[in-house]
Amino acid sequence: MSHKAPRRYSNARNFGVERQQDFAADIVPRRPYAPYSRMNKAQNKWSRNLVWTASEGNRPMKNDNTYGSMKSPVSGTGYGPMKNAAYGPRSSSVSDSRGWRSRDNGSPKSKECVCKFWKAGNCKKGDQCPFLHSWTCFPGSAMVASLEGHNKDLKGIALPEGSDKLFSASSDGTLRIWDCHTGQCVHTINLQAEAGSLISEGPWVFLGLPNAVKAFNVQTSKDLHLNGVVGQVHAMAVANGMLFAGTSSGSISVWKATDNETDPFTYLTSLEGHHSGQVTCFTVGGQRLYSGSVDKTIKVWDLNTLECTMTLRQHTDTVTSLLCWEEFLLSSSLDGTIKVWACSEDGSLKVTYTRRQAQSVHALCGMNDAEVKPIMFCSYQNGTVSIVDLPSFEERGKMFSTHTIGTITMGPGGLLFSGDKSGKLRVWNLAATKV
């Protein structure tokens, strides 16, 4: 959010949910509270002293112009995010091939498969097993922690600025807070409702619930209840000083950040009648917001007017994830495709490449590797996450899980967090991904 924020907020201290313990005292600020105007600036230059962080020598190179135009809807301060440039210049054309094609010629990496017996903990072949006994075959990476406690689908993972606590929310009705020094769960909050989404922006954590969004500042320990939502919140994004929440009804609720000390987020409007089903995902590129839905469409919204300017209809099933890279929009779907969209001569968005998979695609995440080259993580139904180069889609490696990974979040210093349908949260170290 590029705007100023109030110094003080409401005196409510219950994060909008009933609980027996006060967890705010355990979320210790690591530096003075920063105004909103600094949230979307460059990467953090301060250390959170995470127990999972690799040695300094193995960390990826820093680059202020990282990874084209993608900006994570989860956080503006994550590791190696794509820079949010203006999306789709009118001069660009769908005829611009940019190498959008698979260059995977059946390399050994693409055929590696983790042993199903090893995953279940009962492989008896040991070193003689022809299959992988590892959660990853991406060179230099490792699964460094498995955080167990949730027992249903993870809906979001957030590591807010100014905190050494990791937040996770699940459809099991709990919010868990994990200590990054020990990997232990320090608090479990009974939400008394199913969580649908969780994101962070700067020091703020936003939690999507039925008919409500909760906002909590980890640096001031202030918490808010944002009204104006009708339906379960399944997706959220921050852009242009506004918070967007997509609901099960297909509407998108919008709040504007203000300088009002007692009411820092003012309900602005609800974008109605455009999606005929649940809003599943958002991404931001330039002055546009993109929303995906179970109605198989992608809506393009002008961030200045909040009007829907385009409807994209090429998917044949639920749109699960959206990602911006340079002048391109990438979308994934339960129809088993990843589509690349580019601006045509008349300014409309057209599909310039379709990558077809044998199974549904559930999540996309983009970042830079140690050589500042763009890579993308693609999560599939069978619990595999394919790691590919852009724009070639050449596969570099894979990550594995026992269940479908539905959420992938970037962290600082080469960390990546994933949450699967069983509720398992894993921490991955990608700091040595130079290959």
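Just so it is clear, the model here is predicted, and its values are computed rather than measured. (Residues numbered from 1 in each chain as written. Predicted model: local features only at pLDDT ≥ 70, side-chain atom pairs only at ≥ 80, totals over all residues. Heavy atoms only, no water.)

With that settled, consider the nonpolar core. Of all hydrophobic cores here, the largest spans 19 residues; its most connected members are M367, F377, M399, I408 and L416. Those residues in contact with F377 that sit more than four places away from it in its chain are A363, L364, C365, M367, V385, S386, I387, M399, I408, L416 and L430. (Core = buried A, V, L, I, M, F, W, Y, C linked by side-chain atoms within 4.5 Å. Buried < 20%, exposed > 50% of the residue type's maximum accessible area, 1.4 Å probe, protein only. Contact = heavy atoms within 4.5 Å.)

Taken together, the four strands give an open sheet; going across it, the order is β2-β3-β4-β5, and neighbouring strands pair in antiparallel fashion. Two strands close off the open sheet at either side, each with one partner strand: β2 (154–158) and β5 (185–190). Across the sheet, the axes of successive neighbouring strands diverge by a mean angle of 15 degrees, strand direction being ignored. Pairing of strand β4 (residues 174–179) with β5 involves five bridges; the strand directions are antiparallel. Considered in β5, the bridge of R176 is made with T188. (Pairing = 2+ DSSP bridges. Helix = DSSP H or I, 4+ residues; strand = E, 2+ residues; numbered from the N terminus. Axes fitted to C-alpha atoms, helices over the stretch in contact; angles between N-to-C directions.)

What follows deals with the UniProt feature "repeat: WD" (unreviewed entry) in the protein chain. Within this numbering scheme, the UniProt entry marks residues 147–188, 272–311 and 312–341 as carrying the feature "repeat: WD" (unreviewed entry). Overall, residues 272–311 shows 0% helix and 55% strand. The separation of its end C-alpha atoms is 14 Å. Helix makes up 0% of residues 312–341 and strand 63%. Its end C-alpha atoms lie 9 Å apart. (UniProt positions renumbered as here; feature names shortened; annotations may be inferred.)

What follows covers the confidence of the model for the protein chain. Scored by pLDDT, the protein chain comes out at a mean of 76, with 73% of its residues at no less than 70. The model gives residues 1–97 a pLDDT under 50, and that stretch makes 300 contacts with residues more than four places away or in other chains. This stretch, residues 103–111, has a pLDDT under 50; its non-local contacts, to residues over four places away or in other chains, come to 11 contacts. (pLDDT = per-residue confidence, 0-100.)

With the rule as written, the count across this model stands at eight salt bridges. The closest approach of N and O atoms between D369 and R396, which form a salt bridge, is 2.6 Å. In this pair, D369 sits in the loop between β22 (361–368) and β23 (374–380) while R396 sits in strand β25 (residues 395–400), placing the two residues 27 residues apart along the sequence. Exposure remark for D369: the relative accessible area of 2% places this residue in the buried category. Between D389 and R396 there is a salt bridge, with the nearest N and O atoms lying 2.7 Å from each other. Note on accessibility: D389 and R396 belong to one class, buried. Look at the salt bridges and you will find they share partners, linking D153, K155 and K421 into a network. (Salt bridge = Lys/Arg side-chain N within 4 Å of Asp/Glu carboxyl O.)

Turning our attention to the packing of aromatic side chains. Inspection of every chain in the model, using the stated rule, returns six aromatic pairs. Consider the rings of W325 and F328, whose centres lie 6.2 Å apart with planes at 20 degrees: the pair is stacked. Like F328, W325 is buried. (Phe/Tyr/Trp six-rings, centres within 6.5 Å; stacked < 30°, edge-to-face > 60°.)

What follows is about the pairing of strand β27 (residues 415–420). Burial analysis of β27 places six of its six residues in the buried class, which makes it a mostly covered element. On β27, burial covers both faces: L415, F417 and G419 on one face and L416, S418 and D420 on the other are all buried. Here five bridges tie strand β26 (residues 405–410) to β27, and the two strands are oriented antiparallel to one another. Residue pairing in the sheet places I405 in a bridge with D420 of β27. Count of turn residues in the β26/β27 antiparallel hairpin: four residues, of which G413 carries a positive phi of about 60 degrees. Two strands pair when backbone bridges link them, and β27 and strand β28 (residues 425–429) are joined in this way by five bridges, in the antiparallel orientation. Each residue of the ladder has a partner; that of S418, found in β28, is R426.

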